[in-house]
Amino acid sequence: LAKTTQPISMDSYEGQEVNITCSHNNIATNDYITWYQQFPSQGPRFIIQGYKTKVTNEVASLFIPADRKSSTLSLPRVSLSDTAVYYCLVVSRSASKIIFGSGTRLSIRP
Amino acid sequence: DVKVTQSSRYLVKRTGEKVFLECVQDMDHENMFWYRQDPGLGLRLIYFSYDVKMKEKGDIPEGYSVSREKKERFSLILESASTNQTSMYLCASTPAESNQPQHFGDGTRLSIL
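To keep things clear, this report deals only with the structure shown in the data block. This is a predicted model, so every value here is computed, not measured. (Residues numbered from 1 in each chain as written. Chains lettered and ligands numbered in written order. Predicted model: local features only at pLDDT ≥ 70, side-chain atom pairs only at ≥ 80, totals over all residues. Heavy atoms only, no water.)

Using the criterion set out here, one finds seven aromatic pairs over all chains in the structure. Here Tyr32(A) and Tyr51(A) contribute two aromatic rings whose centre-to-centre distance is 5.3 Å and whose plane-to-plane angle is 55 degrees, an arrangement assigned as tilted. Here Tyr32(A) is found in strand E3 (residues 31-38), whereas its partner Tyr51(A) is found in the loop between strand E4 (45-50) and strand E5 (53-56), with 19 residues between them in sequence. Between Tyr36(A) and Phe46(A), the ring centres sit 6.1 Å apart and the planes meet at 80 degrees, which makes this aromatic pair edge-to-face. With Tyr36(A) in strand E3 and Phe46(A) in strand E4, this pair connects stretches of sequence that are 10 residues apart. An aromatic cluster is built from Tyr36(A), Phe46(A), Phe33(B), Tyr35(B), Phe48(B) and Phe104(B), whose rings are joined through pairwise contacts. Here the guanidinium or amino end of Arg68(A) rests over the ring plane of Tyr51(A), the centre of that ring lying 4.0 Å away. (Phe/Tyr/Trp six-rings, centres within 6.5 Å; stacked < 30°, edge-to-face > 60°. Helix = DSSP H or I, 4+ residues; strand = E, 2+ residues; numbered from the N terminus. Lys NZ or Arg CZ within 6 Å of the ring centre and 35° of its normal.)

In structure tokens, the structure reads:
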């Protein structure tokens, strides 16, 4: 399973776009990139998943360059309620087991 | 919507006790997982199960066992609780199909005194 590296923490302000980048240099051909969000005293919640190029849903966008060695989670117009820890994971198509890193603690200020 | 329910949000036990943490999912998922989460260490996989009566060790199985007698229920057992097992425990489930996201419960915060 590929190891991921992401910033420990980030700060931003309400209404801004926030981009969190994750590197995964050892990603394999069959691996997907998945992002989770976790609030205090809750379990992680799935946000978005992608294989290549761009994926968008009602919550976020995920940008994956052609070499797939990194990915960027984009949160448009954040609010205070987006304050959470965000985890980037590489998930193997052939395995159910996943590994969580330490995540990025995002703090949104008024 | 998938619901993963953990039996207790908070639990306090004493050293040496046998502790059972229960997890139930309502979406007929084949795979179920137990993690513990500690500050600075992220989530670490203890055990997982891909079918009834099947189990696989995760990264930190020592001091734990699991039971999967029914598809919807996955139990984590601390045979003889120790203080270093004080942690947040999270249960998750996912279907057998690959690339499906894991659905988590809200966790059990376990304190061993």
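Another aspect to go through is the sheet that holds E4(A). Residue and element names in this part refer to chain A. Read from one edge to the other, the open sheet built from five strands follows the order E1-E9-E8-E3-E4, with strand pairing classed as mixed. With partners counted over all chains shown, the strands left at the sheet margins are strand E1 (9-13) and E4, one partner each. The sheet shows a mean angle of 25 degrees between the axes of neighbouring strands, direction not considered. Judged from the three bridges that link them, strand E8 (residues 84-92) and strand E9 (residues 104-109) form a sheet pairing that is antiparallel. By the bridge assignment for E9, tyrosine 86 is matched with threonine 104. (Pairing = 2+ DSSP bridges. Axes fitted to C-alpha atoms, helices over the stretch in contact; angles between N-to-C directions.)

We now examine the environment of Tyr35(B). Residue position: Tyr35(B) is located in strand E4 (residues 31-38). In this structure, the C-alpha to C-alpha distance between Tyr35(B) and Val66(B), residues 31 residues apart in sequence, is 12 Å. With residues near it in sequence (within four places) discarded, Tyr35(B) still touches Ile98(A), Phe100(A), Leu43(B), Arg44(B), Leu45(B), Ile46(B), Met88(B), Tyr89(B), Leu90(B), Ala92(B), Gln102(B) and Phe104(B). Within polar-contact distance, the side chain of Tyr35(B) engages the side chain of Gln102(B) at 2.8 Å. (Contact = heavy atoms within 4.5 Å. Polar contact = N/O pair within 3.5 Å; in protein donor to acceptor, adjacent residues only side chain to side chain.)

This paragraph deals with empty space enclosed by the protein. Under the counting rule described, the total for this entry stands at one cavity of 30 Å³ or more. Thr34(A), Tyr36(A), Gln49(A), Val91(A), Ile98(A), Asn99(B), Gln100(B), Pro101(B) and Gln102(B) together form the lining of the largest cavity. Across the lining of the largest cavity, the residue classes tally to four nonpolar, five polar and no charged. (1 Å grid on protein atoms, 1.4 Å probe; cavity = no way out; pocket = protein on both sides within 12 Å on 5 of 7 lines; lining within 4 Å. Points joined across faces, edges and corners; volume = space filled by probe spheres on them. Nonpolar A, V, L, I, M, F, W, Y, C, P; charged D, E, K, R; others polar.)

Another point: the layout of surface pockets. Empty space within the largest pocket amounts to approximately 570 Å³. Around the largest pocket sit 27 residues that line it, and Val85(A), Tyr87(A), Arg105(A), Gln37(B) and Pro39(B) are the ones nearest its centre. Within the residue set of the lining of the largest pocket, elements represented by two or more residues are E8 and E9 of chain A together with E4, strand E9 (87-94) and strand E11 (108-112) of chain B. Of the residues that constitute the lining of the largest pocket, the class distribution is 11 nonpolar, 13 polar and three charged.

The next point concerns the interface of chain B and chain A. Contacts between the two partners involve 20 residues from chain B and, on the opposite side, 18 residues from chain A. For the pairing of chain B and chain A, the buried interface totals around 1,600 Å² over both sides, and the portion due to carbon and sulfur atoms is 50%. Taken as a group, Leu43(B), Asn99(B) and Phe104(B) account for 31% of the area that chain B buries against chain A, more than any other trio of residues on that side. For the interface between chain B and chain A, the tally reads zero salt bridges. At the junction of chain B with chain A, the criterion picks out five residue pairs in polar contact (both at pLDDT 80 or more). Secondary-structure elements contributing two or more residues to the side of chain B that touches chain A are E4, strand E5 (42-49) and E9 of chain B. (Buried area = accessible area lost by both parts, 1.4 Å probe. Salt bridge = Lys/Arg side-chain N within 4 Å of Asp/Glu carboxyl O.)

Time to look at the state of the cysteines. The final tally for this structure, using the stated rule, is two disulfides over all chains. In this model Cys22(A) forms its disulfide with Cys88(A); the gap between the sulfur atoms is 2.1 Å. In this structure the cystine formed by Cys22(A) and Cys88(A) twists about its S-S bond by roughly -80 degrees; its chirality is therefore left-handed. With a gap of 66 residues between them, Cys22(A) in strand E2 (residues 18-23) and Cys88(A) in strand E8 connect regions that are remote in the sequence. Accessibility classification places Cys22(A) together with Cys88(A) in one group, the buried group. Cys23(B) shares a disulfide with Cys91(B); S-S distance 1.9 Å. Handedness of the Cys23(B)-Cys91(B) disulfide follows from its S-S torsion of about -75 degrees: it is left-handed. Highlighted residues: Cys23(B) in strand E3 (residues 19-25) and Cys91(B) in strand E9, separated in sequence by 68 residues. Each member of the pair Cys23(B) and Cys91(B) is classed as buried. (Disulfide = S-S within 2.5 Å. Buried < 20%, exposed > 50% of the residue type's maximum accessible area, 1.4 Å probe, protein only.)

Taken by themselves, the reported measurements are silent on function.
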